[in-house]
Amino acid sequence: MHSESAEHRDKAGQSQDEWLWGWDPTPGIVSVWAENDGWALVWRRLPETGQLVRERVRFRPWLLLDRLDDLLHVGDRLGLAGSADALIEYRVLDGPGELRFLVSAEDGRTLSSALLHGASQRLGKRIGHLRDLGHDTVLSLSPEEQYLVATGRTYFRDLPFDKLRRMQFDLETTGLSPESCRIFMISVRAPSGATQVLEARDDSDEAEAELIRQLVAVVQAEDPDVIENHNLHGFDLPFLDTRAERLGVVLALGRIGSGGLRQRAARRGTASEGDARRRVRFIAPGRELIDTLDAVLRYDFATRELPGHGLKAVARHLGIAKEDREYIPGDRIHEVYQRDPERVRRYATSDVEEVAEVARMLGGAAFALARMAPRRYERLADAGAATGVLDPLLVRAYLRAGMALPAHQAGDGTPHQGAALHLFASGVARRIVKADVASLYPSLMRAFRIGPKRDHLGALLAIVDRLVERRLAAKAAAKAAAAGSVERYTQEALSAAMKLVVNTAYGYMAAGGTLTRFADVHAANEVTRRGRATLDLMCRELAARGVTLLEADTDGVYFAVPESWTEADERRTVDEVAALLPPLVHLEFEGRYAAMLSHEPKNYALLTYGGKLLLKGVAFRSSRAEPYGETFLRRAIERLLAGDIPGVRDVYLATLDALRRRELPTYEVSSFVRLTKSPAKYLETRDSRRELAYEAMLASGRTAWSVGDKVRVYRAKGGSGGVVESPEHAAYAADGPDRRDYDADHYSRLLRDTFASRLARAFTPADYAAVFADPGQLSLFAPSLDTIHSVLNRQ
DNA sequence: TCATACCGGGG
DNA sequence: GTGTACGGTATGA
């Protein structure tokens, strides 16, 4: 009895592993290209030798249908799987799912044309494409995915990331529009790490055409598995495609065929040529085209710590930008090239080197996903985790189990309910503790077995269970591996990928039925309801232990503890409350801070015990904010949290003084804007409405700009404006020394109304007025600064 | 004035 | 034949 049930569990465990990883052990797949005719090309890099092999294999194209009706017209040529002579085979899957007929043929065209013919007859109108049948009646995957689902193969088995042949290239162009601008330089980084810079010999069509031919030749010679760049699909490939077409160059970047790039539909890509509302991405069969911008977005979605998503900002943030890295504003690159080409060569070379490193550091999650889900690597790199990763895993699991899949189903109108957010107090508090539950929603799903109602196989919960367990193992393995080792890197990437998928399981259910197959708003609401109850319980129990609650959001809470408490008291209290929560829901002591300025929900400043100031939320950090204001905020909050109120006023007065005496460089008062109107368009409306950014351009003598240009502008005296270079670009400034003709009164008002006001919650109104009174206007009746204390306002 | 549409990135 | 957010500015009724 006992051994039998253990065996049963083993079997269940084994099939659940297959849901996660597939089942075919074929190692080293680096690319798959399949056609509807039943032929698939598989490129494999042998893990032992690194050698590339190409295999051409047969597979049986398949579809899932909700009925066989539309195929009955073929008569005897339709037969049960395994029967002789059947041109089209079918199999009836188990369970209540609507899509229960798995049909297949040697050639997918036989299948689809028979189906379209039958459907046209049944519906009395011409059905020209499978998608016209609606995805509630047919499930049709791309040929590659049909192949991967049917075989249980996945990419990259037993192949470490650094065995992939990865190449990077980056275009330097005279502008953003491929209609009117040219490519004049292409930097290339080979898989070996060697870099080279290709250049057009002059600005003729023939020179540009030759440059593109050189790139194609380098790609063919290096024969990479993967081509990477930042915004590759948004800029470089579309630009290259348009230029190549105009110049009559064939962009043979793939491993098969002699034609140019192919296309696929994609959410974020470039506007399609035929239909501007459609977005497409380019494909080069045999290679995977990876955009590091996708990896950056995915990374920042989880961490929310990147200052921006541009290559330079990311490289600096990750600490991979070299000290002497060349920076040139985008709209100056071609102009700088004409007088100092060497500088642009260095710039372009750094671009590809940084891209290679960003891809290595942030691309691991997509690489790990490609070892699990039955999709091409490049699809998994830009896929959303719900429809792009979980859905394919679930489809493969159901087919592997021989179970029918439910069709997409719209919700019943029940609205989706979200998380809780409480602001208990604002102002200044001391001795702060942050406690939170890691992965609250997946934990609740697991603890209370909340899964989609129609997932009769229980695959989503099983996959989440497996991922959580496997992720713990990956985290432990990463920790055990040597720092910087391939093993650590691989395990960390695996852990990141698994976290991504686990955290999407809830979003998968909450998404509408048009998006995900197993969407279930009731289950999703049950998760958030349990989440709110858990947060409320945490808050109640913490308050009952004598803490002051400050802010609670979804899965975490900030609170202040009494003066007499030690860190041990803090941790013990969190542990006590943690013990009261449901199993699998782990409340953790996340951090402790000396003080906090709570401004608004999700907007606060924290002072660490080490004296470091952390600013969170848009009120405290914004890329558009004027640098002098950010500096003021930081200094003033430092004084505030140190309990030095006269110091806060000193910082305010010193900033006002520096503005009025023009000691601040113009850069300090400038803000970062993106120009969205062309010069012509602005001139149309200039008479009715003047806009600072364009006035600044005109006043600086820059009358020609492109939509999309980004500049720093400031307001000058008399309502005019000016453009200023940031310090790192100052070397290229065409203008002379800083004139500092900014509107000091305007920026003084901005300091008071926009920046100082972020400290308002820290004081009573009267005290706030005293601290930020104009110089010389401190009234006799105002409180003395020495007697003012910051406050905490309970809500 | 308020609602909605669009953007993030690339030279 | 696709589909992760959200907080901003820009635009239009």
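Residues numbered from 1 in each chain as written. Chains lettered and ligands numbered in written order. Predicted model: local features only at pLDDT ≥ 70, side-chain atom pairs only at ≥ 80, totals over all residues. Heavy atoms only, no water.

Things to note about the overall build of chain A
Formally: The numbering of helices and of strands both runs from the N terminus, where a helix is a DSSP run of H or I of at least 4 residues and a strand a run of E of at least 2. Each radius of gyration is computed over the set of C-alpha atoms, and the globule rule expresses the reference value as 2.2 Å times the number of residues to the power 0.38. For every residue, the accessible area (1.4 Å probe, protein chains only) is compared with the maximum for its type, and the residue is labelled buried under 20%, exposed over 50%, or partly exposed between those bounds. Contacts between residues were defined by any pair of non-hydrogen atoms, one from each residue, lying within 4.5 Å. Accessibility throughout is a Shrake-Rupley quantity obtained with a 1.4 Å probe, and a residue counts as covered only by protein chains that appear here. His is not counted, nor are the chain ends; Lys and Arg add positive charge and Asp and Glu add negative charge. Every charge is mapped onto a representative atom, which is NZ of Lys, CZ of Arg, CG of Asp or CD of Glu.
Along the backbone of chain A there are 24 helices and 26 strands. Its C-alpha atoms give chain A a radius of gyration of 31 Å, near enough to 28 Å, the size a compact globule of 795 residues would have. For the C-alpha atoms alone, the extent of chain A along its principal axes is close to 105 × 75 × 60 Å. Within chain A, the fraction of its 795 residues that count as buried is 52%. The long-range fraction of contacts in chain A, counting pairs at least 24 apart against all pairs at least 6 apart in sequence, stands at 67%. With the model as given, the accessible surface of chain A reaches about 35800 Å², and the carbon-plus-sulfur share is 49%. The average position of the 109 basic charges and that of the 111 acidic charges among the side chains of chain A differ by 2 Å.

Some thoughts on the pattern of salt bridges
Threshold: Salt-bridge detection follows one rule: a side-chain nitrogen of Lys or Arg within 4 Å of a carboxyl oxygen of Asp or Glu.
The final tally for this structure, using the stated rule, is 60 salt bridges. Across the salt bridge formed by D17 and R466, the nearest N and O atoms sit 2.9 Å from each other. Highlighted residues: D17 in helix α1 (residues 2–21) and R466 in helix α14 (residues 459–480), separated in sequence by 449 residues. Using a relative accessible area of 34% as the deciding quantity, one classes D17 as partly exposed. Residue E210 is joined to R213 by a salt bridge in which the shortest nitrogen-to-oxygen separation is 3.4 Å. Here the residue E210 and the residue R213 both occupy positions in helix α4 (residues 205–222), the gap between them amounting to 3 residues, near one helical turn. The exposure class of E210 is partly exposed, given its relative accessible area of 30%. What you see here is one network of salt bridges that share partners, running through R264, R281, E288, D294, R376, E378, R379 and D382.

What about the sheet that holds strand β8 (residues 138–139)?
What counts, and what does not: In short, DSSP must find at least two bridges between two strands for them to pair.
In spatial order, the strands read β5-β6-β7-β4-β8; together these 5 strands make up an open sheet with mixed pairing. Either end of the sheet is taken by a strand with one partner, and the two such strands are β5 (78–80) and β8.

Here's the deal with the protein's contact with DNA strand C
Applied cut-off: When we say a residue is near a molecule or strand, we mean one of its heavy atoms is within 4 Å of it. Polar contact is the term for a pair of N or O atoms within 3.5 Å; when the atoms are in protein, one must be able to donate a hydrogen and the other to accept it, and sequence-neighboring residues count only if both atoms are side-chain atoms. Polar here means any residue outside two lists: the nonpolar Ala, Val, Leu, Ile, Met, Phe, Trp, Tyr, Cys and Pro, and the charged Asp, Glu, Lys and Arg; Gly therefore counts as polar.
With respect to spatial proximity, 15 residues lie near DNA strand C, and among them H129, R131, R267, F301 and G384 are the closest. Restricting attention to atoms of DNA strand C within 4 Å of the protein, one finds that 68% of them are sugar or phosphate atoms. Between DNA strand C and H129 there is a distance of 2.7 Å, counted from a phosphate oxygen to a side-chain nitrogen or oxygen. In the model, a base nitrogen of DNA strand C is placed 2.3 Å from a nitrogen or oxygen of the R131 side chain. When residues of the surface near DNA strand C are traced back to their parent elements, those giving at least two are β13 (262–271) and α6 (292–303). Split by residue class, the surface near DNA strand C holds 4 nonpolar, 4 polar and 7 charged.

Here's the deal with the packing of α6 against helix α9 (residues 341–362)
We apply this condition: Inter-axis angles, ranging from 0 to 180 degrees, are taken between N-to-C directions of lines fitted to C-alpha atoms, where helices are fitted over the stretch in contact. Roughly parallel refers to an angle under 35 degrees, roughly antiparallel to one over 145, roughly perpendicular to one between 65 and 115, and oblique to any angle outside these ranges. Two helices that cross are described as forming a left-handed crossing if the nearer one is turned anticlockwise from the farther one by less than a right angle, and a right-handed crossing if clockwise.
Running from N to C, α6 and α9 point in directions that differ by 45°, and their axes come no closer than 9 Å. Considering their axes alone, α6 and α9 lie oblique with respect to each other. Relative to α9, α6 is oriented so that their crossing is left-handed. Counted together, T292, A295, V296 and Y299 of α6 and V355, V358, A359 and L362 of α9 form the full contact between these two elements.

Comments concerning the sheet that holds strand β23 (residues 671–674)
Strand order in the open sheet made by the 3 strands is β23-β24-β25, with antiparallel pairing throughout. Each of the sheet's edge strands pairs with one partner strand only, and the pair in question is β23 and β25 (721–724). Looking at each pair of strands side by side, their axes are set apart by 45° on average, direction ignored. Pairing between strand β24 (residues 710–715) and β25: 4 bridges, direction antiparallel. Residue pairing for β25: V713 is matched across the bridge by V723.

A short note on helix α5 (residues 232–247)
Of all 16 residues making up α5, 13 are buried, and the element is well covered by its neighbours. Immediately downstream of α5, the backbone of G248 shows phi near 75°, a positive value.

Here's the deal with the domain arrangement of chain A
Put simply, the test is: Domain extents, as shown, originate in an automatic or database domain assignment.
Domains assigned within chain A are domain 1 (22–151), domain 2 (161–363), domain 3 (406–616) and domain 4 (627–794). Here the C-alpha centre of domain 4 lies 37 Å away from the C-alpha centre of domain 2.

Overview of the packing of aromatic side chains
Here is the rule we go by: Any two of the Phe, Tyr and Trp rings considered here, Trp counted by its six-membered ring, make a pair once their centres fall within 6.5 Å; the pair's planes then place it as stacked at under 30 degrees, edge-to-face at over 60, or tilted in between. A ring is scored as having a charge over it whenever the NZ atom of a lysine or the CZ atom of an arginine sits within 6 Å of its centre and within 35 degrees of its normal.
For the structure shown, the criterion picks out 17 aromatic pairs. A ring pair is formed by Y155 and F156, whose centres lie 5.3 Å apart and whose planes are at 80°; its orientation type is edge-to-face. Across this residue pair, the class does not change: Y155 and F156 are buried. Sitting over the face of the ring of F589, R571 holds its NZ or CZ atom 4.0 Å from the ring centroid.

Some details on helix α23 (residues 744–755)
Each turn of an α-helix holds 3.6 residues, which means side chains three or four residues apart point in the same direction. Within α23 the residues assigned to the buried category are A744, H746, Y747, S748, L750, L751 and F755. Tucked inside the fold, the buried residues of α23 contact α18 (627–641), α19 (645–660), α20 (666–669) and β24. Taking the backbone nitrogen of D745 as reference, a side-chain oxygen 3.3 Å away marks D743 as the first, capping residue of α23.

Looking at the packing of helix α12 (residues 385–400) against α14
Running from amino to carboxyl end, α12 crosses α14 at an angle of 115°, the nearest separation of the two axes being 10 Å. By the angle between their axes, α12 is roughly perpendicular relative to α14. Our pair here, α12 against α14, has a crossing hand that is right-handed. Taken together, the residues of α14 that come into contact with α12 (itself represented by L390, L393, L394, A397 and Y398) are A459, L460 and I463. For the contact of α12 with α14, the residue count by class is 8 nonpolar, no polar and no charged.

What about the nonpolar core?
Which entries qualify depends on this criterion: To qualify as a nonpolar core, a set must consist of buried Ala, Val, Leu, Ile, Met, Phe, Trp, Tyr and Cys residues joined through side-chain atoms within 4.5 Å.
Judged by nonpolar contacts, the single largest core of 106 residues is most densely connected at Y377 and F559. At 11 residues, the largest contribution of residues to this core is made by helix α15 (residues 486–510). Here Y377 is in contact with Y155, F156, F161, L164, V226, E288, I290, G363, A366, F367 and A370, once residues within four sequence places are set aside.

A short note on the protein's contact with DNA strand B
Taken together, 23 residues sit near DNA strand B, with E172, N231, L311, R674 and D709 positioned nearest. In the environment of DNA strand B, a sugar or linking oxygen lies 2.7 Å from a nitrogen or oxygen atom belonging to the side chain of E172. L311 is positioned with one of its backbone polar atoms (N or O) 2.8 Å from a phosphate oxygen of DNA strand B. The biggest single contributor to the surface near DNA strand B is strand β9 (residues 166–173), with 4 residues.

Structural notes on the pairing of strand β2 (residues 39–45)
Burial analysis of β2 places 6 of its 7 residues in the buried class, which makes it a mostly covered element. Where strand β1 (residues 29–34) meets β2, 5 bridges bridge the pair, whose relative direction is antiparallel. In the sheet register, W33 faces β2, and the bridge partner there is L41. Taking the residues that link successive antiparallel strands as the turn, the β1-β2 hairpin has 4 residues, and the phi of G38 there is positive, at about 95°. Two elements, β2 and strand β3 (residues 52–58), share 7 bridges in a ladder whose sense is antiparallel. Paired with W39 across the strands is R58, a residue of β3. Counting the residues between successive antiparallel strands, the hairpin from β2 to β3 contains 6 residues, one of them, G50, with a positive phi of roughly 80°.

Examining the pairing of strand β18 (residues 548–553)
Side chains on a regular strand alternate between the two faces of the sheet. Here strand β16 (residues 421–423) pairs with β18 via 3 bridges, running antiparallel. If you follow L423 over to β18, its bridge partner there is E551. Taken together, the 5 bridges between β18 and strand β19 (residues 556–560) define a ladder with antiparallel strand orientation. Opposite T548, over in β19, you have A560 as the bridge partner. Counting the residues that bridge the hairpin from β18 to β19 gives 2 residues, and of these T554 lies at a positive phi of roughly 60°.

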